[in-house]
Amino acid sequence: MDPEYLFSEAPRRQVFITGSEAVAEAVKRANVDIAIAYPITPQSESMHLVGDLYDQGYLKDYYRGENEFAVMAAVHGASLGGGRVFTATSGPGTLRAMEMFPVWAGSRQPVVCAFMCRGVSLPPSIQPENIEMAMLLDVGMLMFHAEDAQDFLDMILKAYAVAEQPDVHLPVGVFADGFFVTHTRSAVLLPPDDLKLAAYDPRRAPVPTFDMETPPIRLVRDPLLNKSNFISYAANASWHQEIAAAAERARKHIRRYMGGLLEVEDPAAVVFLAASGTAVSQSREAIKVLRAEGIRVGLIKIMSIRPFPVREIEAVTAHADLIVVPEFNIGGWLAREIKAAIDNNRRVVGGPRVFGGMTMPTELIVNEVRNALSRPGTRQPGMRAGI
Amino acid sequence: MSKGLFRISPGFEDVMPAEYKELVTNGPYGRDLGVKDLGTFKELIEEHPLCAGCAEALALRLILASLPSPEDTVIVGSTGCSSLLFTQVAVQNIHSLFGNQNAVATGLKRALRLRFPDKVKDVVVIAGDGATVDIGLDMVMQSWFRRELITTIMLDNEVYANTGGQESGMSPQGAVLYMAPLGKKFPKVNLPEIAREAGCAYVATISPALPRRLGKVVRRAILVAREIGPSYVQVFCPCPTNFKWPSAQVLQKIRDRQKEGIFKVREYVSPEAEAYLAGLEVERQHDEQE
Ligand SMILES: Cc1ncc(C[n+]2csc(CCOP(=O)(O)OP(=O)(O)O)c2C)c(N)n1
Ligand code: SF4
Ligand SMILES: [Mg+2]
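Residues numbered from 1 in each chain as written. Chains lettered and ligands numbered in written order. Predicted model: local features only at pLDDT ≥ 70, side-chain atom pairs only at ≥ 80, totals over all residues. Heavy atoms only, no water.

### A look at the coordination of the magnesium ion (ligand 3)
All names here are of chain B.
(1) Moving on: Here the magnesium ion (ligand 3) is held by D129 (OD), N157 (OD1) and V159 (O), and the distances to it run 1.9 to 2.1 Å.
(2) Moving on: Read N to C, the donor residues that coordinate the magnesium ion (ligand 3) are spaced as D-x27-N-x1-V. Pair check on accessibility: N157 and V159 agree, each one buried. (Donors = N, O, S within 2.8 Å, 3.2 Å for Na, K, Ca; no water. Buried < 20%, exposed > 50% of the residue type's maximum accessible area, 1.4 Å probe, protein only.)

Okay, here's the thing in structure tokens:
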């Protein structure tokens, strides 16, 4: 079946479910061979539901691993053996498994992993917070950030379609802010129950499957690792570059399946809120309040964090005077990314930032925009159109 | 592996390396060869960069010659001296990270069982003592607890060799090594005993000073892991470079240690594995008679 039919054309029915349930609905339609689980709040519920799917015959294998590093190693092994795999984790689990993520990318495995982001013990917190995303920006995997349960479902399914393209063949992390997305109910449009992605075909992979059926059997003639010379360093470096190039090639597939790497509302505005994940929903509310006060603010919702929509952000903000970036973490990684992407980055205001389990009341965002507008020399947007 | 897979595409005969051509014409795939046949066939192992006189390299050579079905074997390795050799081995092998070998092997074995339900695919872990008993012990033991159908082989060279000679859990008590400047304070970890308790159906200790016996042990371990349960083989192969012995003396050192009773050749076979192996033996004799 054409995945696009499943993604956008097939009739959908509305249900009222949690984000964890949305994850399971995605996995149910993803034709996954093996899922491996390890409990951590707020991820656990979704992997319990994936276990139920195994019981119902939707998956061929499922077990509880011994820790997140081992789980990520085992899905890596299963993927090298030609299986389609799924797993999920959160915060401390992500950090425990950290060494494996570059290995997934380095061995070009289309592993799909959901991350239900939470605090990472500085100090301990199980509450929503997405600092772990900052730590994953350069591990080589593609990263999508879901705003809500609907996004979470769609992005997990589409992640397989993007990840398994022969010219991509990279892991994809699909991120959602824990609790806000996983533990609240919302209206979600579900594709039909009887539709699923076609099975993964390892013969389309750009790297051999480790099954002693796929040549080459003898993998290398001269080992690169143990030669300390320029040629072997250059060969290693070119593999890095190829991974980066594969991520670049993913852009066209992301555009095709997700409609773009970002979404813009009111592109003619001169003041924007730019956000990803739950901060997008909060920004939508703040924009309503600001509009009621006569302040016109546009919205940039960033869906793909890796690859990052540098050109798109440049184009959207070319005429902008102010870009405010609210975030659920102390580091402000998204503001940093946007600042690095555009010209005249004094236009970017990183804030508000909440963490440690704090919510992000609309007022906080509204005040940040108001304060930024009151900086000396900032043009006042009113409700007029852009330049 | 399908028989036709290991061949040279027409037109490429003249550019393929000589050792590859030899693998195609005289390799061990599908031929049921063993240690006793060494010298008569093209081995899976190619020239490699391990030290002259390395007991671990000899052990690997014997292990590779003893695989019951090299054409359907995937090896999972780990970082260490052996990982520098595996790139030149002619069965598919995975080097992932240091210590995660049994977790990788678990996923691999399960995927291969799903994809090839009617074929036997042997997944064999071959890793150093540090990888097995120290950094990877959790994943090694958990794979045994779960009764994963994989064979785990430890290359016990009694030291972290690849990083220059640090103490490992398998170093002898009292050995003065890097990171044990006053000598190691505790004895060699008794992993064979742990393996048995943790659910292995077959456990053996062996050394390359007994090549035929090593071949038999490896074969039995892999056969048991096909049907009965996980298996564990510990190969004693101390590192001459880090213990600063002349390389020609390694095998003598191993024999001395065996005489002194410090290294013991042992085998544990669970009753179920015993019955299974005996059944295979009967089948084999029957085949030979026909
Ligand atoms: C996470 C991690 N920690 C440490 C290392 C460094 N390291 C590489 S090989 C090695 C020693 C391997 O020892 P062993 O498993 O006994 O194999 P040997 O080299 O002795 O054959 C170490 C400590 C590493 N590669 N990765
Ligand atoms: S350092 Fe020791 S174990 Fe490593 S290759 Fe040399 S002799 Fe073998
Ligand atoms: Mg060692």
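### Regarding the nonpolar core
(1) Moving on: If you look at the biggest cluster of nonpolar residues, it comprises 123 residues, and the most contacted ones within it are F101 and I338 of chain A together with I126 of chain B.
(2) Moving on: If you tally residues by element for this core, the top one is helix 4 (residues 68-80) of chain A, at nine residues.
(3) Moving on: Residue contributions to this core reach at least three from each of two domains, namely domain 1 (3-204) and domain 2 (262-373) of chain A.
(4) Moving on: Residues contacting F101 of chain A, with those up to four places away along its chain left out, are M72, T94, F115, L136, V139 and M141 of chain A.
(5) Moving on: A30, V112, A114 and L195 of chain A belong to the second largest nonpolar core, which has 58 residues in total. (Core = buried A, V, L, I, M, F, W, Y, C linked by side-chain atoms within 4.5 Å. Helix = DSSP H or I, 4+ residues; strand = E, 2+ residues; numbered from the N terminus. Domains from an automatic or database assignment. Contact = heavy atoms within 4.5 Å.)

### Topic: the interface of chain A and chain B
(1) Moving on: Across the contact, 40 residues belong to chain A and 43 residues belong to chain B.
(2) Moving on: Contact between chain A and chain B buries roughly 3400 Å² in total, counting both sides, with carbon and sulfur atoms accounting for 63%.
(3) Moving on: Interface area lost by chain A to chain B is led by M212, E213 and R218 of chain A, which between them contribute 23%.
(4) Moving on: Linking D211 of chain A and R115 of chain B is a salt bridge whose minimum nitrogen-to-oxygen distance equals 3.1 Å.
(5) Moving on: Taken together, the links from chain A to chain B amount to 14 residue pairs in polar contact (both at pLDDT 80 or more).
(6) Moving on: Breaking the side of chain A that touches chain B down by element, the ones donating at least two residues are strand 3 (61-64), helix 4 and helix 6 (100-106) of chain A. (Buried area = accessible area lost by both parts, 1.4 Å probe. Salt bridge = Lys/Arg side-chain N within 4 Å of Asp/Glu carboxyl O. Polar contact = N/O pair within 3.5 Å; in protein donor to acceptor, adjacent residues only side chain to side chain.)

### Focus on the site of ligand 1
(1) Moving on: Taken together, 17 residues are adjacent to ligand 1, and C81, D129, G130, A131 and N157 of chain B come closest.
(2) Moving on: Flanking ligand 1 are residues from chains A and B.
(3) Moving on: At 2.9 Å from an oxygen atom of ligand 1 is found a main-chain nitrogen or oxygen belonging to A131 of chain B.
(4) Moving on: The backbone of V159 of chain B places a nitrogen or oxygen atom 2.9 Å from an oxygen atom of ligand 1.
(5) Moving on: The protein chains hide 76% of the 580 Å² of surface that ligand 1 would expose on its own.
(6) Moving on: Of all the elements, helix 5 (residues 129-135) of chain B adds the most residues to the shell around ligand 1, at four residues.
(7) Moving on: Taken together, the residues of the shell around ligand 1 sort by class into seven nonpolar, seven polar and three charged. (Near = heavy atom within 4 Å. Areas by Shrake-Rupley, 256 points an atom, 1.4 Å probe, with all protein chains shown as cover. Nonpolar A, V, L, I, M, F, W, Y, C, P; charged D, E, K, R; others polar.)

### Concerning the sheet that holds strand 6 (residues 142-145) of chain A
Residues and elements named next belong to chain A.
(1) Moving on: Read from one edge to the other, the open sheet built from seven strands follows the order 3-2-4-5-7-6-12, with strand pairing classed as mixed. The open sheet has two free edges, formed respectively by strand 3 and strand 12 (304-306), since each of these has just one partner strand. Strand-to-strand twist of the sheet, defined as the mean angle between neighbouring strand axes without regard to direction, takes the value 20°.
(2) Moving on: Relative to strand 7 (residues 172-177), strand 5 (residues 112-117) runs parallel, the two sharing six bridges. Across the sheet, M116 pairs through a bridge with A176, a residue of strand 7. (Pairing = 2+ DSSP bridges. Axes fitted to C-alpha atoms, helices over the stretch in contact; angles between N-to-C directions.)

### Focus: unusual backbone geometry
Residues and elements named next belong to chain A.
(1) Moving on: Across the junction of P215 and P216, the peptide omega takes the value 0°, indicating a cis bond.
(2) Moving on: Locating P216 in the fold gives a position in the loop between strand 8 (185-190) and helix 9 (230-258).
(3) Moving on: The amide bond that connects G351 to the next residue, P352, takes the cis arrangement and shows omega of -5°.
(4) Moving on: By the secondary structure assignment, P352 is in strand 14 (residues 348-353).
(5) Moving on: In the Ramachandran plot, N344 falls in the positive-phi region, its phi being about 45° despite a non-glycine side chain.
(6) Moving on: With respect to the secondary-structure elements, N344 resides in the loop between helix 12 (333-341) and strand 14.
(7) Moving on: Take N344: its relative accessible area is 52%, and that puts it in the exposed class.

Limitation: the analysis is restricted to geometry and does not speak to function.
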